[in-house]
Amino acid sequence: MVLNKQYKRLRLVLGDQLNASHSWFKQKDKDTLYIIAELHQETLYVKHHCQKICAFFAAMQSFAKALEKAGHHILYLDLDDTVGYKSLPQLLKHLATNYKISEFEYQQPDEYRLLTQLAELKLDKQITIRMCDSEHFLLPFSEIKDYFKKDKHHKMEFFYRKMRQRFTILMDEDQPLGGQWNYDAQNRNKLKQNHIEDIPSPLTFNHDVSPIMDRLRRHKVPFFGSETNTLIWPVNRKQALKLLDYFCTCCLPKFGTFQDAMTCQSKHQWSLYHSRLSFVINAKILHPMQVLEKAVDHYYRHQQTISIAQIEGFVRQILGWREYIRGVYWANMPAYAGKNHLNAKRALPKYFWTGNTKMRCMQSAIQQSLDYSYAHHIQRLMVTGNFCLLTGIDPKAVDDWYLGVYIDAIEWVEMPNTRGMSQFADGGIVATKPYTAGGNYIHKMSDYCQHCHYKVKEKVNDNACPFNSLYWHFMIQHRKQFEKNPRIGMVYRNWDKQAQEQQQATIQRARWCLKNIEKL
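For the structure given in this document, a descriptive report is provided here.

About the criteria used
Residues numbered from 1 in each chain as written. Predicted model: local features only at pLDDT ≥ 70, side-chain atom pairs only at ≥ 80, totals over all residues. Heavy atoms only, no water. Helix = DSSP H or I, 4+ residues; strand = E, 2+ residues; numbered from the N terminus. Rg over C-alpha atoms; globule rule 2.2 N^0.38 Å. Contact = heavy atoms within 4.5 Å. Areas by Shrake-Rupley, 256 points an atom, 1.4 Å probe, with all protein chains shown as cover. Lys, Arg positive; Asp, Glu negative; His and termini not counted. Charge placed at Lys NZ, Arg CZ, Asp CG, Glu CD. 1 Å grid on protein atoms, 1.4 Å probe; cavity = no way out; pocket = protein on both sides within 12 Å on 5 of 7 lines; lining within 4 Å. Points joined across faces, edges and corners; volume = space filled by probe spheres on them. Nonpolar A, V, L, I, M, F, W, Y, C, P; charged D, E, K, R; others polar. Axes fitted to C-alpha atoms, helices over the stretch in contact; angles between N-to-C directions. Parallel < 35°, antiparallel > 145°, perpendicular 65-115°, else oblique. Core = buried A, V, L, I, M, F, W, Y, C linked by side-chain atoms within 4.5 Å. Buried < 20%, exposed > 50% of the residue type's maximum accessible area, 1.4 Å probe, protein only. Expected span 1.5 Å × (residues − 1). Bend = angle between axes of the 7 residues up to and from the residue. Polar contact = N/O pair within 3.5 Å; in protein donor to acceptor, adjacent residues only side chain to side chain. Pairing = 2+ DSSP bridges. Salt bridge = Lys/Arg side-chain N within 4 Å of Asp/Glu carboxyl O.

## Quick notes on the overall build of the protein
Each helix and strand in the protein was counted, giving 22 helices and eleven strands. In terms of overall size, the protein behaves like a compact globule, its C-alpha atoms giving a radius of gyration of 24 Å where 520 residues would be expected to give roughly 24 Å. Based on the C-alpha atoms only, the size of the protein along its principal axes is roughly 80 × 50 × 45 Å. Within the protein, residue pairs in contact and separated by at least 24 positions form 77% of the contacts whose partners lie at least 6 positions apart. Carbon and sulfur atoms form 49% of the exposed surface of the protein, whose accessible area is close to 22,500 Å². Across the protein, the 70 positively charged side chains and the 51 negatively charged ones have centroids separated by 4 Å.

This is the structure:
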């Protein structure tokens, strides 16, 4: 499309605002120019997995082409075009002058960093600046303050129930469908050998992203993860809907049952029964209500093969947890980003970037993350996150790794999950207790402990699973804070029953692991 030399209005579309159903696009306007740009600042604020960058850039390109095909005026700028601009405001000032605009509009960003940057944007006085709603989330931004207060814990379960009632999802009049609000107790099953053989292979796609990879290398953009010229993730609405259909048909029937399970036996079934829709939802390619309605409708039409525990577990993740985490983020920023309640200071071990560790659970979870820019919530929380918590890794380093490595990671959803739920760095705003566990939990929920260098049943020997002694070391280190917590008080009573020699040997083993953390 040949662009005009002058436009009345410039509209910014960020890389996670690829919502074709936004009211902006209801009408075509020859006086409005949409700008979608690959920004150097967005590749540099944290070191990203190369597949994550490729996925966002490919999705942005696809969205720009779709808008242009629909008759909108689009200016797509890649890294070559934006190399001369150190920041988004600098680029916008240039475009405003170049196209002689009188109005600038942007959708409210989901990250505090970008919201602040755009709120402080200074253009010529005659240019009107207007912020619009992104029209994506189920809980309006203006209502977050009604549900969440700064530095205060709000129970997710109660929030989730209110959302179910508000949107009449899985409800029987004013009561939860099936008589229970939550079927989490039925969502904790381990995969057995006969289950593993039935896991569907993940639906993947085939995008040539070699031009994007070339740009990253040409501009010396720092990145990590398995490099590939073929991206397997959906990057447009058609593919996202195809993946949603695949989830409902092939994965939903067993999703809830095995949503906490982990396995490393089959590299071809690495996503288990998970939807892998978080990227397309977080990039706003799909609306969360569209996903919920499709999944719930599929459940109602196939109740003979899909139990309510399966669909409720999925609804809880999107209608409950996703909206809850966003509320926590905005109620507590910017101070939330600096919270370090447990005063953790240790550096992140080098094997988080390579996967080279003798701990098979860590090796499996990290390597999958490096291979696919993906790991499911229990791998993130109870393997890598648990390890970082037990070893006292600086939560800023943990934040940066999680934000960089995962394809669906945007700060509003990553930070409360990592710094809050995983690392307890917020002191209990998200979680009422630290999510810690020894090797037994990992053994219970996975097959990672099979053929591991370490022995999951051992605590103090040289070949003892590091998680076991590290767990006790962490709990004793923070005993004054946690022993009166009713959810974990029994842990200390169990510790006190152990012989003093056993206690000393356990702590000594933990100290050795911490001192030699890079060798584990």
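Having put the structure on the table, let's press on.
## Observations regarding the layout of surface pockets
Approximately 290 Å³ is the volume found for the second largest pocket. In terms of lining, the second largest pocket is formed by 16 residues, of which the most central are Cys-264, Lys-267, Ser-364, Gln-367 and Gln-368. Broken down by class, the residue content of the lining of the second largest pocket amounts to five nonpolar, seven polar and four charged.

## Things to note about the environment of Tyr-406
Relative to the elements of secondary structure, Tyr-406 occurs in the loop between helix 16 (395–405) and helix 17 (411–422). In contact with Tyr-406, other than residues within four places in its own chain, are Lys-52, Ser-369, Ser-373, Tyr-374, Ala-375, Arg-380 and Trp-401.

## Considerations on the packing of helix 19 (residues 466–477) against helix 21 (residues 489–496)
One way to put it is that helix 19 packs onto helix 21 with a least axis distance of 11 Å and a crossing angle of 110 degrees. Taken together, helix 19 and helix 21 sit at an angle that is classed as roughly perpendicular. Contact residues: Tyr-471, Trp-472, Met-475 and Ile-476 in helix 19; Val-491, Tyr-492, Asn-494 and Trp-495 in helix 21. Residues that form the contact of helix 19 with helix 21 fall into these classes: seven nonpolar, one polar and no charged.

## Quick word on the nonpolar core
If you look at the biggest cluster of nonpolar residues, it comprises 158 residues, and the most contacted ones within it are Leu-216, Met-362 and Phe-387. In terms of residue count, the dominant contributor to this core is helix 13 (residues 308–332) (13 residues). Contacts of Leu-216, omitting those with residues within four sequence positions, involve Ile-53, Cys-54, Phe-57, Leu-79, Val-221 and Phe-223. By size, the runner-up hydrophobic cluster in this structure holds 24 residues, among which are Leu-10, Ala-37, Phe-104 and Ile-127.

## Looking at helix 10 (residues 237–255)
Here helix 10 is 19 residues long, yet its end C-alpha atoms lie only 23 Å apart, well below the 27 Å a rise of 1.5 Å per residue gives. Maximal helix bending in helix 10 amounts to about 45 degrees, located at Thr-249; proline Pro-253 follows within four positions. For helix 10, the full list of buried residues reads Gln-239, Ala-240, Leu-243, Leu-244, Phe-247, Cys-248, Cys-251, Leu-252 and Phe-255. Where the residues of helix 10 are buried, they touch strand 9 (207–208), helix 11 (278–282), helix 12 (288–301) and helix 13. Here helix 10 starts with a cap whose side-chain oxygen sits 3.3 Å from the backbone nitrogen of Lys-238, and that cap is Asn-236.

## Description of the sheet that holds strand 5 (residues 103–107)
Sheet architecture is open: five strands sit in the order 4-2-1-5-6, paired in parallel fashion. With partners counted over all chains shown, the strands left at the sheet margins are strand 4 (73–77) and strand 6 (128–132), one partner each. On average, adjacent strands in this sheet sit at an angle of 20 degrees to one another, irrespective of strand direction. Relative to strand 6, strand 5 runs parallel, the two being bridged by five bridges. Opposite Phe-104, over in strand 6, you have Ile-129 as the bridge partner. Running at roughly 160 degrees to strand 4, helix 2 (residues 50–69) makes contact with strand 2 (32–37) and strand 4 of the sheet. Sheet contacts for helix 4 (residues 88–98): strand 1 (9–12), strand 2, strand 4 and strand 5; angle to strand 1, the most-contacted strand, approximately 160 degrees.

## Considering empty space enclosed by the protein
Summed over all chains, the structure comprises four cavities of 30 Å³ or more. Considering only enclosed or pocket space, the largest cavity measures out at about 370 Å³ in volume. Along the walls of the largest cavity sit 23 residues, with Gly-15, Asp-16, Glu-42, Tyr-45 and Phe-56 positioned nearest its centre. Top contributing element to the lining of the largest cavity by residue count: helix 2, with five residues. Class assignment for the residues of the lining of the largest cavity results in 14 nonpolar, three polar and six charged. Approximately 90 Å³ is the volume found for the second largest cavity. Surrounding the second largest cavity, Met-359, Arg-360, Cys-361, Ile-442, Tyr-448, Cys-449, Cys-452, Tyr-454, Val-456, Cys-465, Pro-466 and Phe-467 form its lining. When its residues are assigned to classes, the lining of the second largest cavity shows eleven nonpolar, no polar and one charged.

## Comments concerning the pattern of salt bridges
For the structure shown, the criterion picks out 28 salt bridges. Two residues, Asp-214 and Arg-217, come together in a salt bridge whose shortest N-O distance is 3.6 Å. Taken together, the residues span about one helical turn, with Asp-214 and Arg-217 both in helix 9 (residues 210–218) at a distance of three residues. Residue Asp-214 is classed as partly exposed on the basis of its relative accessible area, which comes to 39%. A relative accessible area of 39% places Arg-217 in the partly exposed class. Here Lys-294 makes a salt bridge to Asp-245, at a shortest N to O gap of 2.9 Å. With a gap of 49 residues between them, Lys-294 in helix 12 and Asp-245 in helix 10 connect regions that are remote in the sequence. Accessibility expressed as a relative area gives 29% for Lys-294, which makes it partly exposed.

## Details of unusual backbone geometry
Between Met-333 and Pro-334 the backbone carries a cis peptide bond, its omega angle lying at 5 degrees. Position of Pro-334 among the secondary structure elements: in the loop between helix 13 and helix 14 (360–372). Its identity is not glycine, yet Leu-170 carries a phi of approximately 55 degrees, on the positive side. Mapped onto the elements, Leu-170 comes out in the loop between helix 7 (156–167) and strand 7 (171–172).

## Focus on the pairing of strand 4
Summarising burial for strand 4: four of the five residues are buried, a large majority. Relative to strand 4, strand 2 is paired through five bridges, and the arrangement is parallel. The partner of Leu-33 across the bridge, within strand 4, is His-73.

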